[in-house]
Amino acid sequence: PAPRAGAGAAAPTRVRFGLAVRPGEGGVSVAGLTPGSPAAEAGVFEGDIITHVGGTPTPDVTSLQKALDGAGNAAEIVLRVKTANGLRFVVLRP
């Protein structure tokens with residue numbers, strides 16, 4: 001079958017903690033979550049935009065991956081997330 005119009009969006013990239021992401025407006029958009037993963041358990045939702053990991057801005061998927069990798073095995077990782085209702089902080093516990 002022929003591709004649908006608008007079907008040129010990049011496939012989501014799987015990163016750590018059960019997140020599937022793609023480039024978003026002002027950060028990295030959550031495109032999917034693994035059920036029961038640290039991200040899902042922390043309250044990250046599909047459609048959220050991750051703008052920071054700790055104090056590190058995440059304007060693109062590569063910077064998000066580097067920031068999550070840099071967090072290593074910390075007991076808690078704080079994400080700054082933009083939602084339709086504004087900004088909030090989410091604490092991942094890997």
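This report concerns the structure included in the present document.

The rules behind each value
Residues numbered from 1 in each chain as written. Predicted model: local features only at pLDDT ≥ 70, side-chain atom pairs only at ≥ 80, totals over all residues. Heavy atoms only, no water. Helix = DSSP H or I, 4+ residues; strand = E, 2+ residues; numbered from the N terminus. Buried < 20%, exposed > 50% of the residue type's maximum accessible area, 1.4 Å probe, protein only. Contact = heavy atoms within 4.5 Å. Areas by Shrake-Rupley, 256 points an atom, 1.4 Å probe, with all protein chains shown as cover. Lys, Arg positive; Asp, Glu negative; His and termini not counted. Charge placed at Lys NZ, Arg CZ, Asp CG, Glu CD. Arc of directions from axis to C-beta. Polar contact = N/O pair within 3.5 Å; in protein donor to acceptor, adjacent residues only side chain to side chain. Salt bridge = Lys/Arg side-chain N within 4 Å of Asp/Glu carboxyl O.

For the rest of this paragraph, the subject is the overall build of the protein. The helix and strand inventory of the protein stands at two helices and seven strands. When its helices and strands are written in sequence order, the protein yields β-β-β-α-β-β-α-β-β. Counting all 94 residues of the protein, 35% fall into the buried class. For the protein, the proportion of contacts with a sequence separation of at least 24, taken over those separated by at least 6, is 40%. Surface accessibility of the protein: about 5,400 Å² in total, with carbon and sulfur atoms responsible for 54%. Taking the average location of the 9 positive side-chain charges in the protein and that of its 7 negative ones, the two points are 2 Å from each other.

The set of residues buried in helix α2 (residues 61-71) consists of Val61, Ser63, Leu64, Ala67 and Leu68. Buried residues of α2 fall within an arc of 160° about the axis and therefore sit on the same side. Opposite its buried face, α2 presents the exposed residues Lys66 and Gly70, each directed more than 90 degrees away. Buried residues along α2 sit in contact with β1 (13-14), β2 (19-24), β3 (27-33), β4 (49-53), β5 (56-57) and β6 (77-83). The N-cap of α2, judged by a side-chain oxygen 3.3 Å from the amide nitrogen of threonine 62 a few residues on, is aspartate 60. Looking one or two residues beyond α2, the residue adopting positive phi is glycine 72, at roughly 55°.

One pass over the full model with this rule turns up three salt bridges. Between arginine 93 and glutamate 76 there is a salt bridge, with its nearest N and O atoms 3.0 Å apart. Here the residue arginine 93 occupies a position in the segment after β7 (86-92), and glutamate 76 occupies one in the loop between α2 and β6, the gap between them amounting to 17 residues. Relative accessible area serves as the criterion here: at 53%, arginine 93 is assigned to the exposed category.

We now examine the side chain of threonine 58. On the secondary structure map, threonine 58 appears in the loop between β5 and α2. By relative accessible area, threonine 58 is classed as buried at 1%. Contact partners of threonine 58, with chain neighbours within four places excluded, come to Gly27, Val28, Ile50, Thr51, His52, Val53, Ser63, Leu64 and Ala67.

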